[in-house]
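Single-letter residue listing:
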Amino acid sequence: MTDIAREGHRGRPAAQHADLSQARLRRRYAAERRFKLYGVLAICLAIGVLGILLFSVVSKGYTAFVKTEIGLDVYFDPEEIDPEGTRDPAVLADANYDRVIRDAFERTFPEVSERRERRALSDLVSSGAWLVLRDRVLEDPSVIGTTERVWFRASDDVDMLMKGYIPRDVPETARRVSDAQIAWIDALDEAGQVGTRFNLDFFTAGDSREPELAGIWGAVVGTFLTMVVTLVLSFPLAVATAVYLEEFAPKNRWTDLIEVNINNLAAVPSIVFGLLGLAVFLGWFGLPRSAPLVGGMVLALMNLPIIIIAGRASLKAVPPSIREAALAVGASRLQVVTHHVLPLAMPGILTGTIIGMAHALGETAPLLMIGMVAFIVDIPSGFTDAATVLPVQIFLWADSPERAFVEKTSAAIIVLLGFLVIMNALAVILRRRFERRW
Amino acid sequence: MKQTLAIAALATLAFAASAEARDQIRVVGSSTVYPFTTAAAERFGQSGEFPTPVVESTGTGGGFKLFCAGVGVDHPDLSNASRAIKPSEVEMCAKNGVDEITEIKVGYDGIVLANSKQAEQVEFTVEQIWQGLAKEVPVDGEIVPNPYRNWSDIDPSLPDTKIEVLGPPPTSGTRDAFVELVMEVGCESFPEVEALDEDRMEQVCKTMREDGGFVEAGENDNLIVQKLDANKAAYGIFGFSFLDQNADKLQGSLVSGVEPTYENIADGSYPVSRPLFIYVKNAHAGVIPGIQEFIDEYTSERAMGEDGYLADKGLIALPEEEYEQVREKATSLTPMATASN
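### Some thoughts on the overall build of chain B
- Counting its regular elements, chain B contains 16 helices and 13 strands.
- On the principal axes, the C-alpha backbone points of chain B span a range of 75 × 50 × 45 Å.
- Counting only residues that meet the buried cut, chain B has 52% of its 341 residues in that class.
- For chain B, restricting intrachain contacts to residue pairs at least 6 apart in sequence, the fraction spanning at least 24 positions comes to 73%.
- Split by element, the accessible area of chain B, about 14,200 Å² in all, is 51% carbon and sulfur.
- Computed over 26 positive and 56 negative side-chain charges, the inter-centroid distance for chain B is 8 Å.

What follows is the structure, encoded as structure tokens:
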């Protein structure tokens with residue numbers, strides 16, 4: 001305001017000038033309002049898109065956290081399970097439990113006699129249902145000869161039907177569940193033998209080709225192992241590099257060159273690091289394929305420049321007066337760094353590290369080259385076991401033909417987003433609690 | 001200090017691991033065979049005797065590259081393939097010491113041209129599909145850039161909707177098979193194309209149009225399924241198992257008067273089908289535990305049979321007689337007769 005007024009006094013007559021300045025002022029305010037409006041619009045758009053994304057993921061995925069179960073009165077037929085009566089675990093483990101389940105179905109629906117129909121009937125439960133019986137018998141062999149209500153996971157098609165993803169009103173040929181199967185399910189439902197339960201297996205099981213059996217625990221463990229390797233390798237190396245470049249290195253053409261290269265490395269597409277991993281870690285070092293160790297090494301390389309840049313920025317932010325004061329009372333250069341500069345810069349470095357790790361958590365491309373995009377059922381138990389990671393699991397499920405994998409995919413995305421939110425929240429908390437401003 | 005120790009520990013671990021033997025079967029190769037091999041692998045692992053094999057989806061060609069790289073624990077034991085191994089690949093294998101390979105034909109796969117159930121089901125001939133999708137087609141004796149906009153421009157009996165087909169990219173085995181079984185067959189019946197010299201003919205036959213009539217929709221077939229559901233006028237090209245799983249939303253178009261059903265693909269009357277294979281490195285049998293048993297599981301009646309669990313996943317089972325032969329050859333690990341032997 002005052003500027004405009006002062007400017008006006010210098011030349012032209014005041015009356016004429018006042019009108020002009022008012023118009024100009026209005027224009028400037030209008031421009032400011034428009035600019036703010038653009039900003040608000042941009043934020044609304046971003047929030048809207050994020051909302052759509054979250055809504056589509058959550059609305060598709062939340063059903064995966066419950067599962068449909070079918071309860072059957074199972075007679076643990078000694079003839080079928082252990083005809084010799086030895087109770088030898090090897091015999092018990094090898095028995096034909098599918099037949100036991102089929103018998104249980106036949107007792108529930110005695111009118112079904114044709115072979116094809118019986119098959120359709122036993123298809124109501126998951127093809128992995130026999131594992132439940134095997135585990136039950138191995139855990140307590142005394143159940144043999146008794147009848148017990150056992151809850152089996154429903155097959156993916158039945159699960160989809162109960163969750164309303166398979167429409168009932170289309171012609172029979174157009175859906176994967178037959179009219180007869182729907183009638184059986186409804187009969188069981190009326191008798192209270194169909195229930196929904198929290199799908200704990202989704203969090204404790206490994207991958208599976210049967211959607212109702214598939215879980216993310218294998219991928220979560222693989223992710224954890226990979227991230228540990230990434231952190232252990234990238235953090236100390238990056239901090240050492242950042243400290244040297246910032247505190248000790250002379251400023252000359254070599255350090256300039258190194259700096260430019262580090263900045264460029266941060267922008268290299270991640271698949272290139274995967275190719276490097278394939279050539280160097282698998283080719284030269286002969287490390288095993290699909291191992292979290294190699295995955296972690298590749299992601300560590302990718303992460304290094306990010307942490308170095310964040311580390312240097314937060315080292316730079318420590319005021320020179322701290323260093324000078326420490327030097328003045330006789331501290332050595334190393335003491336200045338380890339006692340004063342590094343602790344003060346640490347919150348910033350940690351924030352950068354966590355954001356880098358969150359970035360690495362979402363990577364699939366570099367892992368493709370080193371064989372971590374694979375079907376792996378067994379839960380990895382070490383750094384060299386075959387393993388996969390969460391984003392890869394999402395990718396693999398999204399590519400599967402079975403309809404029931406759609407909800408699994410979305411559920412896995414929810415879990416991955418959960419991890420990312422936790423990591424980012426951690427970064428924010430660290431910054432809030434320990435950051436110092438000068 | 002702690003950090004130095006950690007790095008040292010990690011490095012030791014790395015080198016200790018690389019020397020260690022492998023007790024897990026490793027499979028690489030085609031993404032089309034992947035759903036079937038993984039299903040068999042899982043069943044095999046459930047028995048509890050051996051660890052579940054690790055199956056990677058690398059594509060057929062990528063699979064052979066890894067498979068043929070050598071003998072030893074660093075190299076995969078089996079390779080999935082959506083086509084037979086090429087002589088050049090056999091040669092590459094032999095050069096690296098992989099000379100005994102067992103070929104196992106696991107079944108058939110149909111490639112379908114499907115659209116939304118809410119649109120009408122259409123009958124195409126192979127020639128019409130080619131005319132709809134090729135970059136250049138013969139019109140009045142001349143090879144010209146594809147002028148057809150609507151299907152009805154090709155033949156009035158076809159629907160009056162825009163030509164819009166979603167299909168796999170060139171890196172996909174499904175695309176290779178589609179080009180071989182539909183495009184190449186479709187173009188042959190045009191005398192104008194026959195008259196061209198060999199290179200030009202191949203170019204005319206195999207090149208897909210790029211003006212929006214054919215859209216490369218990525219390797220993800222589920223994406224194509226979702227897009228077809230949203231766009232009633234569009235068609236999609238993908239494997240039979242995706243049609244089978246989405247039968248409430250999609251219908252397969254008839255090709256040369258035959259509908260893509262399990263039965264029609266199995267008896268060979270549906271023209272667009274191809275055999276699927278797995279290849280076994282014989283030198284690894286007995287070295288990596290469980291290979292023989294895994295092959296037994298894969299080729300067993302309960303897996304590969306007509307009512308087997310692989311058929312549930314959309315694999316078209318072999319006819320009875322052929323199955324017996326395949327099973328026999330597989331369980332005895334009879335190596336392929338190669339030119340070099």
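The rest of the description comes next.
### Section: the overall build of chain A
- Of the regular secondary structure elements, chain A holds 19 helices and 4 strands.
- Projected onto the principal axes, the alpha-carbon positions of chain A cover approximately 105 × 65 × 40 Å.
- Buried residues in chain A amount to 46% of all 438 residues.
- Relative to all contacts within chain A whose residues are 6 or more apart in sequence, the contacts with residues 24 or more apart total 76%.
- Only carbon and sulfur atoms are counted for the fraction: they give 62% of the accessible area of chain A, which is about 22,300 Å².

### Observations concerning the sheet that holds strand β3 (residues 194-198) of chain A
Residues and elements named next belong to chain A.
- On the basis of which strands lie adjacent, the open sheet formed by 3 strands has the order β2-β1-β3 and antiparallel pairing. Each of the sheet's edge strands pairs with one partner strand only, and the pair in question is β2 (147-153) and β3. The mean inter-strand angle of the sheet, taken between neighbouring strand axes irrespective of direction, is 40°.
- Alignment of strand β1 (residues 66-75) against β2, held across 7 bridges, turns out to be antiparallel. From the neighbouring strand, Ile 70 faces β2, where its bridge partner is Phe 152.
- Its contacts with the sheet place helix α5 (residues 97-108) against β1 and β2, and it is angled at close to 85° to β1.
- Together, β1 and β2 form the strand contacts of helix α7 (residues 129-139), whose direction differs from that of β2 by roughly 140°.

### Things to note about the interface of chain B and chain A
- Contact residues are listed per partner, giving 42 residues for chain B and 44 residues for chain A.
- On inspection of chain B and its partner chain A, the count reaches 5 salt bridges.
- Residue B:Glu56 is joined to A:Arg289 by a salt bridge in which the shortest nitrogen-to-oxygen separation is 2.7 Å.
- Applying the counting criterion to the chain B and chain A interface returns 19 residue pairs in polar contact (both at pLDDT 80 or more).
- The set of elements that each furnish at least two residues to the side of chain B that touches chain A consists of α1 (2-19), α2 (34-46), β2 (54-56), α10 (221-230) and α11 (240-245) of chain B.
- Its residues assigned to classes, the side of chain B that touches chain A shows 16 nonpolar, 13 polar and 13 charged.

### Comments concerning the pattern of salt bridges
All names here are of chain B.
- Considering all chains together, one arrives at 37 salt bridges over all chains under this definition.
- Across the pair Asp 109 and Arg 274 runs a salt bridge whose closest N-O atoms are separated by 3.0 Å. Highlighted residues: Asp 109 in strand β4 (residues 101-116) and Arg 274 in strand β13 (residues 273-281), separated in sequence by 165 residues.
- Residue class for Arg 274 comes out buried when judged on its relative accessible area of 5%.
- Put simply, Glu 210 and Lys 135 hold a salt bridge, and the shortest N to O gap is 3.5 Å. Here Glu 210 is found in the loop between α9 (198-206) and β9 (214-216), whereas its partner Lys 135 is found in the loop between α5 (126-133) and β6 (136-139), with 75 residues between them in sequence.

### So, the pairing of β4(B)
Residue and element names in this part refer to chain B.
- Most of β4 is tucked away, with 15 of its 16 residues classed as buried.
- Sheet topology places β4 next to β13; 9 bridges connect them, and they run antiparallel. Considered in β13, the bridge of Ile 104 is made with Ile 278.
- Relative to strand β10 (residues 235-239), β4 is paired through 5 bridges, and the arrangement is antiparallel. Each bridged residue has a counterpart across the sheet, and for Val 112 the counterpart in β10 is Phe 238.
- Looking at chain direction, β4 and strand β11 (residues 250-252) are connected through 3 bridges and run antiparallel. The residue of β11 that forms the bridge with Ser 116 is Leu 250.

### Comments concerning the environment of B:Val225
All names here are of chain B.
- Mapping Val 225 onto the fold places it in helix α10.
- The buried category is assigned to Val 225, whose relative accessible area is 4%.
- Val 225 sits 148 residues away from Asp 77 along the chain, and the two C-alpha atoms are 34 Å apart.
- The contact partners of Val 225, leaving out residues within four places of it in the chain, are Phe 238, Phe 242, Asn 246 and Leu 250.

### What about helix α7 (residues 173-188) of chain B?
- Look at α7(B): 22 Å from first C-alpha to last across 16 residues, which is about the 22 Å you get at 1.5 Å a residue.
- Of all the bends in α7(B), the greatest, near 35°, is centred on B:Val179.

### Here's the deal with a nonpolar patch on the surface
- A cluster of nonpolar side chains, A:Phe35, A:Leu37, A:Tyr38 and A:Leu41, forms an exposed patch at the surface whose accessible area comes to about 490 Å².
- Structurally, A:Tyr38 is set in helix α2 (residues 14-61).

### Section: the domain arrangement of chain B
Residue and element names in this part refer to chain B.
- Looking at the assigned domains, one finds that chain B contains domain 1 (23-107 + 275-331) and domain 2 (110-273).
- Between the C-alpha centres of domain 1 and domain 2 the distance comes to 30 Å.
- Each partner contributes to the interface: domain 1 provides 10 residues, whereas domain 2 provides 9 residues.
- A combined buried area of about 710 Å² lies between domain 1 and domain 2, and 53% of that area is made up of carbon and sulfur atoms.

### What about the packing of helix α14 (residues 292-316) of chain A against helix α16 (residues 333-361) of chain A?
Residues and elements named next belong to chain A.
- For the pair α14 and α16, the least separation of the axes is 8 Å and the interaxial angle reads 145°. Judged by the sense of rotation from one axis to the other, the crossing of α14 with α16 is right-handed. Contacts from Leu 299, Met 302, Asn 303, Ile 306, Ile 307, Ala 310, Gly 311, Ser 314 and Leu 315 in α14 reach Val 341, Leu 342, Ala 345, Gly 348, Ile 349, Gly 352, Thr 353, Gly 356, Met 357, His 359 and Ala 360 in α16.
- Its residues assigned to classes, the contact of α14 with α16 shows 12 nonpolar, 8 polar and no charged.

### Topic: the state of the cysteines
All names here are of chain B.
- One pass over the structure, following the stated rule, counts 2 disulfides over all chains.
- One disulfide in the model links Cys 68 with Cys 93; its S-S distance is 1.9 Å. Across the S-S bond linking Cys 68 and Cys 93, the dihedral sits near -65°, which makes this disulfide left-handed. Note that Cys 68 is positioned in the loop between α3 (60-67) and β3 (78-81) and Cys 93 in helix α4 (residues 87-95), a separation of 25 residues in sequence. Grouping residues by exposure puts Cys 68 and Cys 93 together as buried.
- Across a sulfur-sulfur distance of 1.8 Å, Cys 187 and Cys 205 are joined as a disulfide pair. Here Cys 187 and Cys 205 share a disulfide; its torsion about the S-S bond, 85°, makes the bridge right-handed. Separated by 18 residues along the polypeptide, Cys 187 in helix α7 and Cys 205 in helix α9 bring together distant segments of the chain. Neither residue differs from the other here; Cys 187 and Cys 205 are each classed as buried.

### Details of the environment of A:Asn261
- You can see A:Asn261 is positioned in helix α12 (residues 253-265).
- As for A:Asn261 and A:Pro305, which are separated by 44 residues in sequence, their C-alpha atoms are 9.2 Å apart.

Calculation rules
- Residues numbered from 1 in each chain as written.
- Chains lettered and ligands numbered in written order.
- Predicted model: local features only at pLDDT ≥ 70, side-chain atom pairs only at ≥ 80, totals over all residues.
- Heavy atoms only, no water.
- Helix = DSSP H or I, 4+ residues; strand = E, 2+ residues; numbered from the N terminus.
- Buried < 20%, exposed > 50% of the residue type's maximum accessible area, 1.4 Å probe, protein only.
- Contact = heavy atoms within 4.5 Å.
- Areas by Shrake-Rupley, 256 points an atom, 1.4 Å probe, with all protein chains shown as cover.
- Lys, Arg positive; Asp, Glu negative; His and termini not counted.
- Charge placed at Lys NZ, Arg CZ, Asp CG, Glu CD.
- Pairing = 2+ DSSP bridges.
- Axes fitted to C-alpha atoms, helices over the stretch in contact; angles between N-to-C directions.
- Salt bridge = Lys/Arg side-chain N within 4 Å of Asp/Glu carboxyl O.
- Polar contact = N/O pair within 3.5 Å; in protein donor to acceptor, adjacent residues only side chain to side chain.
- Nonpolar A, V, L, I, M, F, W, Y, C, P; charged D, E, K, R; others polar.
- Expected span 1.5 Å × (residues − 1).
- Bend = angle between axes of the 7 residues up to and from the residue.
- Patch = residues over 30% accessible without salt bridge, like charges linked within 9 Å, V, L, I, M, F, W, Y side chains within 5 Å.
- Domains from an automatic or database assignment.
- Buried area = accessible area lost by both parts, 1.4 Å probe.
- Left-handed = near helix turned anticlockwise from the far one by under 90°.
- Disulfide = S-S within 2.5 Å.

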